[in-house]
Amino acid sequence: MRKPGLKRVYETPLAEDGTRILVDRLWPRGLTKAKARVDLWLKAIAPSTELRQWFGHDPDRWAEFQSRYRAELEANPDAVAELIAALRRGPATLVYGARDETRNDAVVLADWLATSGDS
């Protein structure tokens, strides 16, 4: 399995993105499905609504968010298996809607995949 790329869903889709996998629970605001060019939307891999709302993209909560989201991933083997299966099919990019490109669920997910032993 190759390491997936990371990209804001609002950026222009490129052929080298491979399979574009949206890893957010909510569809990105103001973006049509055609423009987003999302191949797979894995809502179940996203942080829970409660965790997402608690975090609220507050930098002071980033470390705790990472810990809590990793725990949710560990407790969600079906969603993780679906994502890993998609990543094994070829090049892929995890796409997300957050403005902060360094502190968001896709960053945590990519890091977790790289360190979980499934990659």
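Caption draft 1: View of the packing of helix α3 (residues 62-74) against helix α5 (residues 105-115). Running from amino to carboxyl end, α3 crosses α5 at an angle of 55°, the nearest separation of the two axes being 10 Å. Comparing their axes, α5 and α3 come out oblique. With respect to the hand of their crossing, α3 and α5 are arranged in right-handed fashion. Residues Trp62, Phe65, Gln66, Tyr69, Arg70, Leu73 and Glu74 of α3 form the contact with α5, whose participating residues are Asp105, Val107, Val108, Leu109, Asp111, Trp112 and Thr115. Partitioned by chemical class, the residues of the contact of α3 with α5 number eight nonpolar, two polar and four charged.

Caption draft 2: Local environment of the packing of helix α4 (residues 77-88) against α5. Where α4 contacts α5, the axes come no closer than 13 Å and their chain directions differ by 80°. With respect to α5, the element α4 is oriented roughly perpendicular. Of the residues in α5, those in contact with Val80, Leu83, Ile84 and Leu87 of α4 are Leu109, Trp112 and Leu113. Across the contact of α4 with α5, the residue classes break down as seven nonpolar, no polar and no charged.

Caption draft 3: Focus on the sheet that holds strand β3 (residues 40-41). Spatial strand order, β1-β4-β2-β3: four strands in an open sheet with parallel pairing. The sheet is open, and its two borders are formed by β1 (5-8) and β3, each paired with just one other strand. Alignment of strand β2 (residues 19-22) against β3, held across two bridges, turns out to be parallel. Bridge pairing in β3 links Ile21 to Leu40. Across the sheet, α4 touches β2, β3 and β4 (92-96), and the angle it forms with β2 is around 165°. Its contacts with the sheet put α5 on β1 and β4, and the angle it makes with β4 is roughly 150°.

Caption draft 4: Representation of the nonpolar core. Formed by 26 residues in total, the largest nonpolar core has its most connected members in Ile21, Ile45, Tyr69, Leu83 and Leu109. When residues of this core are traced back to their parent elements, those giving at least two are α2 (49-55), α3, α4, β4 and α5. The contacts of Leu109, once residues within four sequence positions are left out, are Val23, Ile45, Tyr69, Leu73, Leu83 and Leu94. Residues Leu22, Leu31, Ala36 and Val95 belong to the second largest nonpolar core, which totals five residues.

Caption draft 5: Structural context of α5. Of all the positions in α5, only Asp105, Ala106, Val108, Leu109, Ala110, Trp112 and Leu113 are classed as buried. Check the buried side of α5 and you find it contacts β1, α3, α4 and β4. Residue Asn104 occupies the N-cap position of α5, its side-chain oxygen lying 2.9 Å from the main-chain nitrogen of Ala106.

Caption draft 6: Up close: the environment of Ala63. Within the secondary structure, Ala63 sits in helix α3. By relative accessible area, which is 57% here, Ala63 ends up exposed.

What counts, and at which threshold
Residues numbered from 1 in each chain as written. Predicted model: local features only at pLDDT ≥ 70, side-chain atom pairs only at ≥ 80, totals over all residues. Heavy atoms only, no water. Axes fitted to C-alpha atoms, helices over the stretch in contact; angles between N-to-C directions. Helix = DSSP H or I, 4+ residues; strand = E, 2+ residues; numbered from the N terminus. Parallel < 35°, antiparallel > 145°, perpendicular 65-115°, else oblique. Left-handed = near helix turned anticlockwise from the far one by under 90°. Contact = heavy atoms within 4.5 Å. Nonpolar A, V, L, I, M, F, W, Y, C, P; charged D, E, K, R; others polar. Pairing = 2+ DSSP bridges. Core = buried A, V, L, I, M, F, W, Y, C linked by side-chain atoms within 4.5 Å. Buried < 20%, exposed > 50% of the residue type's maximum accessible area, 1.4 Å probe, protein only. Polar contact = N/O pair within 3.5 Å; in protein donor to acceptor, adjacent residues only side chain to side chain.

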